[in-house]
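For reference, the chains in residue letters:
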Amino acid sequence: MGASHSIPLTTGSGTITLLHSNPRKSLFSQSTQSRLQNPVFRLNHTNQIFKTQLKTMSQVLPVNGGKVVVRETQDESSTRPINVDGIDQELVNKMVYDALVWSSIHGLVVGDRSVQRSSTVPGVGLVHAPFALLPMPFPETQLNQANELAPIFNELVDRVSLDAEFLQDSLSRTKKADPFTSRLLDIHAKMLEINKKEEIRLGLHRSDYMLDEQTKLLLQIEMNTISSSFAGLSGLVGKLHRSLLSNYEEFLGLDSKRIPDNAAVSQFSTALARAWTEYNNPRAVVLFVVQAEERNMYDQHWLSTTLKEKYNISTLRKTLAEIDAEAELLPDGTLVVGGQVIGIVYFRAGYTPNDYPSEAEWRARLLMEQSSAIKCPSISYHLVGTKKVQQELAKPNVLERFLDDKEDIAKLRKCFAGLWSLDNSDIVKKAIEKPELFVMKPQREGGGNNIYGNDVRETLIKLQKEGSEADAAYILMQRLFPAVSTTFLMREGICYKDDTISELGVYGAYLRNNEKVILNDQCGYLMRTKVSSSDEGGVAAGFAVLDSLYLT
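Within each chain, residue numbers correspond to sequence positions counted from 1 in written order. Residues qualify for local features only when their pLDDT is at least 70, as the model is predicted, and side-chain atom pairs are given and counted only at 80 or more; totals for whole chains, interfaces and linings, by contrast, use all residues. Only hydrogens and water are removed before side-chain values are computed, so all heavy atoms of the structure are retained for them.

Asker: Would you explain the overall build of the chain in this entry?
Answerer: Across its full length, the chain carries 16 helices and 25 strands. Put simply, the chain has 552 residues, and 59% of those count as buried. Two residues form a contact once any of their heavy atoms are found within 4.5 Å. The long-range share in the chain, meaning contacts at least 24 apart out of those at least 6 apart in sequence, stands at 73%. Areas reported as accessible are Shrake-Rupley estimates using a 1.4 Å probe. Residue values count occlusion only from the protein chains shown. Carbon together with sulfur atoms contributes 48% to the accessible area of the chain, which is approximately 22500 Å² in total. Strands are runs of DSSP state E lasting at least 2 residues, helices are runs of H or I lasting at least 4, and numbering of each runs from the N terminus. Between buried and exposed lies partly exposed: a residue is buried under 20% and exposed over 50% of the maximum accessible area for its type, with that area taken using a 1.4 Å probe on protein chains only.

Asker: I keep staring at the packing of aromatic side chains and nothing clicks. Help me out?
Answerer: Where two aromatic rings form a pair, the distance of their centres and the angle of their planes describe that pair. Any two rings among Phe, Tyr and Trp, with Trp reduced to its six-membered ring, count as a pair given centres within 6.5 Å; such a pair is stacked if its planes are under 30 degrees apart, edge-to-face if over 60, and tilted if neither. According to the stated counting rule, one finds 7 aromatic pairs in the structure shown. Ring centres of phenylalanine 180 and tryptophan 362 lie 6.0 Å apart, and the angle between their planes is 50°; on these two criteria the pair is classed as tilted. In this pair, phenylalanine 180 sits in helix α5 (residues 179–193) while tryptophan 362 sits in helix α11 (residues 359–370), placing the two residues 182 residues apart along the sequence. The two residues phenylalanine 180 and tryptophan 362 agree in class, both being buried. Both rings, one in phenylalanine 288 and one in tyrosine 346, keep their centres 5.0 Å apart while their planes meet at 80°; by these two values the pair is edge-to-face. Pair noted here: phenylalanine 288 is in strand β12 (residues 285–289) and tyrosine 346 is in strand β16 (residues 340–347), with a separation of 58 residues, a long-range link. Its relative accessible area of 1% is what places phenylalanine 288 among the buried residues. By relative accessible area, tyrosine 346 is classed as buried at 2%. Put simply, the rings of Phe180, Tyr356 and Trp362 touch in pairs and so form one group of aromatic residues.

Asker: Whenever I open this one, α5 confuses me. Can you help?
Answerer: Since one α-helical turn is 3.6 residues long, residues separated by three or four positions face the same way. By definition here, a helix of n residues has an expected span of 1.5 Å times n minus one. Between its first and last C-alpha atoms α5 spans 21 Å; for 15 residues at 1.5 Å apiece the expected length is 21 Å, and the two agree. Within the sequence span of α5, burial applies to Phe180, Thr181, Ser182, Leu184, Leu185, Ile187, His188 and Met191. Where the residues of α5 are buried, they touch α3 (164–170), α4 (172–177), α11 and α12 (379–384). One or two steps after α5, the chain reaches asparagine 195, where phi turns positive at roughly 55°.

Asker: I tried to follow the nonpolar core on my own but got confused; where do I start?
Answerer: Soluble, globular proteins show a tendency: their nonpolar side chains are buried together. One finds Leu133 and Leu202 to be the most contacted residues of the largest nonpolar core, which totals 141 residues. By convention a nonpolar core is built from buried Ala, Val, Leu, Ile, Met, Phe, Trp, Tyr and Cys residues, the set being connected through side-chain atoms within 4.5 Å. By size, the runner-up hydrophobic cluster in this structure holds 15 residues, among which are Leu422, Phe438, Met440 and Ile451.

Asker: Looking at this structure, I do not really get the pattern of salt bridges. What am I missing?
Answerer: Any Lys or Arg side-chain nitrogen found within 4 Å of a carboxyl oxygen on Asp or Glu counts as a salt bridge. The final tally for this structure, using the stated rule, is 29 salt bridges. Its salt-bridge partner being glutamate 198, residue lysine 196 comes within 3.3 Å of it at the nearest N-O pair. Residue class for glutamate 198 comes out buried when judged on its relative accessible area of 18%. Of the charged contacts, one joins glutamate 392 and lysine 388 as a salt bridge, the two residues approaching to 3.2 Å between their closest N and O atoms. In this pair, glutamate 392 and lysine 388 both sit in helix α13 (residues 387–393), 4 residues apart, roughly one turn of the helix.

Asker: How should helix α16 (residues 454–466) be read in this particular structure?
Answerer: Between its first and last C-alpha atoms α16 spans 19 Å; for 13 residues at 1.5 Å apiece the expected length is 18 Å, and the two agree. For α16, the secondary structure elements touched by its buried residues are α15 (425–433), β19 (438–442) and β20 (474–478).

Asker: Got a minute to help me understand the packing of helix α1 (residues 89–106) against helix α6 (residues 231–247) in this structure?
Answerer: Working note: a packed helix pair is described by the angle between its axes plus the distance between those axes. Simply put, an axis is a line fit to the C-alpha atoms, just over the touching stretch for a helix, and the angle between two N-to-C directions goes from 0 to 180 degrees. Running from N to C, α1 and α6 cross one another at 140°; their axes reach a closest spacing of 10 Å. Accordingly, the angle class assigned to the pair α1 and α6 is oblique. When the axes of α1 and α6 are compared, the crossing they make is right-handed. Of the residues in α6, those in contact with Met95, Asp98, Ala99, Trp102 and His106 of α1 are Leu236, Lys239, Leu240, Ser243 and Leu244. Three categories are distinguished: nonpolar for Ala, Val, Leu, Ile, Met, Phe, Trp, Tyr, Cys and Pro, charged for Asp, Glu, Lys and Arg, and polar for the others, with Gly belonging to the last. Taken together, the residues that form the contact of α1 with α6 break down as 6 nonpolar, 2 polar and 2 charged. Any angle that is under 35 degrees is reported as roughly parallel, and any over 145 degrees as roughly antiparallel; angles of 65 to 115 degrees are reported as roughly perpendicular and all others as oblique. Left-handed describes a crossing in which the near helix is turned anticlockwise from the far one by less than a right angle; the clockwise case is right-handed.

Asker: Looking at this structure, how should I read unusual backbone geometry?
Answerer: Generally, phi is negative for residues other than glycine and the peptide bonds are trans, each holding for most cases. Each neighbour pair has its own omega, and for cysteine 376 with proline 377 the value is 5°, a cis peptide bond. With respect to the helices, strands and loops of the structure, proline 377 is situated in the loop between β17 (374–376) and α12. The residue asparagine 312 is not glycine, and still its phi comes out positive at about 55°. In this structure, asparagine 312 sits in the loop between α9 (297–311) and β13 (315–318). Among the residues examined, asparagine 312 registers a relative accessible area of 55% and is labelled exposed.

Asker: When you look at the sheet that holds strand β18 (residues 419–421) in this model, what are you seeing that I'm missing?
Answerer: Sheet strands line up and pair through hydrogen bonds in the backbone, either parallel or antiparallel. Pairing is antiparallel across the open sheet formed by 3 strands, whose spatial order is β18-β20-β19. Edge positions in the sheet fall to β18 and β19, since each has one partner strand and no second. Each strand of the sheet is rotated relative to its neighbour by a mean of 30°, with strand direction disregarded. The pairing criterion is simple: DSSP has to find at least two bridges between the two strands. Relative to β20, β18 runs antiparallel, the two being bridged by 3 bridges. Within β20, the position partnered with tryptophan 420 by the bridge is leucine 476.

Asker: Looking at this structure, I do not really get a nonpolar patch on the surface. What am I missing?
Answerer: A contiguous nonpolar surface patch, about 280 Å² in accessible area, is contributed by Tyr97, Val101 and Ile105. Take isoleucine 105: it is sitting in helix α1. Here the term patch refers to residues with relative accessible area over 30% and no salt bridge, with like charges joined within 9 Å and nonpolar side chains (Val, Leu, Ile, Met, Phe, Trp, Tyr) within 5 Å.

Asker: Help me understand the environment of lysine 216, please; the structure alone is not making it clear to me.
Answerer: Relative to the helices and strands, lysine 216 is located in the loop between β10 (200–211) and β11 (218–224). Among the residues examined, lysine 216 registers a relative accessible area of 48% and is labelled partly exposed. C-alpha separation for the pair lysine 216 and glutamine 142, spaced 74 residues apart in sequence, amounts to 9.4 Å. Ignoring anything within four residues of it in the chain, the contact list for lysine 216 reads Gln142 and Leu211. In protein, a polar contact means a hydrogen-donor-capable atom and an acceptor-capable atom, both N or O and within 3.5 Å, with residues adjacent in sequence counting only if both atoms are side-chain atoms; elsewhere, any N or O pair within 3.5 Å suffices. In this structure the side chain of lysine 216 is engaged in a polar contact, spanning 3.2 Å, whose partner is the side chain of glutamate 213.

Asker: Before we go on, may I ask you to explain the pairing of β10 in this structure?
Answerer: The side chains of a regular strand alternate, residue by residue, between the two faces of the sheet. Burial within β10 is extensive, with 11 of its 12 residues counted as buried. One ladder, built from 10 bridges, connects β10 with strand β22 (residues 494–513); its direction is antiparallel. Bridge pairing links serine 207 to valine 506 in β22. Here 6 bridges tie β10 to β11, and the two strands are oriented antiparallel to one another. In the sheet register, aspartate 208 faces β11, and the bridge partner there is glutamate 222. Linking β10 to β11, which pair antiparallel, is a turn of 6 residues; within it lysine 216 sits at a positive phi near 65°.

Written out as structure tokens, the structure reads:
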């Protein structure tokens, strides 16, 4: 283990101590974020011969005796049940080949970034989704904890969404510093002006966690209330891993039954179907609001295909610009797009400023909010998922404003990491002194937006010198340090070997019609694994790979 140090930090609810243990760096760890390094095996056109070289920076290390030679880098506390350095190269060759075949024929695919039309035309330029070759060990007790938290968070999101004053007040300073959040708040304010009520409320959420190595606590990273992706593909990774563990059980010694079922796509589809039933118009369709170019379209198509095949519910895919051009609002509030009545608006876009390049997109967003269609999410649900609201909810006595059950409140607080506003001068001072213990987060979704390391110090000093309210666009969060373990990562047909850390997301679905709660449950999980030297963790953004759980 490397040197460790701690720093006491005061939150509104008490004092926490941030512990930082520097794991031994892998010989092959690099600072790159967008590409995984260290190719272990690259499949050639004969599907038989793999390049047996490991590359690191300018070095090339040979493979001796038919086995990959990598220095021992696994942290002593790692819980991975397999010593990947002990797996014979020929066995890995076979597993890699089988995994690539399995993912191709079972739809574990994304658009190939090297093919121009892969993000716009289905079936063109397919490549397997990035995935880990073996599942990640995870304590069953912590998975149960995360599953138990899901319906509590669902209820919290709904309660907070109804408190317009809390949302507007919490984001008032952010509104002045962040134009994107300001536009969202403007739409929210307009809905208040016209007294728009969302009688039927549907939330498809995902709460993301890391298992902190020092404290052994499951701590929340964020709550996603819009475009909670990979419900379509995440379950496939578990099936892939079960297949590999079953086929190679004699060599791996792992029980495929320890990989939990993951029915995220089925459960999300069921939630959409039940909401469609509540809308009570058999002619209505579900509108998928999508980006103009989407390499992750097949994750979305898994949902729409399941809706059609299981419930005979049709879907429509439109960009915000297309909605602006084609949509109309009938006098009774019905939303019609391209001549079709819309029962549910399901957002897989609209969470980033890049999705609003002109006023046309903002007009479309406002029109949909004004309609009687069920929004997933509504503008209120969207705002609840902002980083600033997450930080406000972590303050003392705030949860009590929305929840009555003291046990539920205690369960939520137990998973809260340290969260602070930048108007806390003591915390800002400590973050400048020890920036490696903090993450600086803007009000953005989609990966690649957070600030880490020395950039935290530089950004905070810059904001201090400016003396404006620009700091209100950010929050500070305690940086979490999960266990580091060595594993195989698959991207674009190449197998890499590196030190990794993982992040667990648990899906949740919430459906309410006025006072009646129709559905409130957890809906499966998303496991993402990334190179430990990479700060960001988005799969679609190119930082991580999909994984599954091996319960311990």
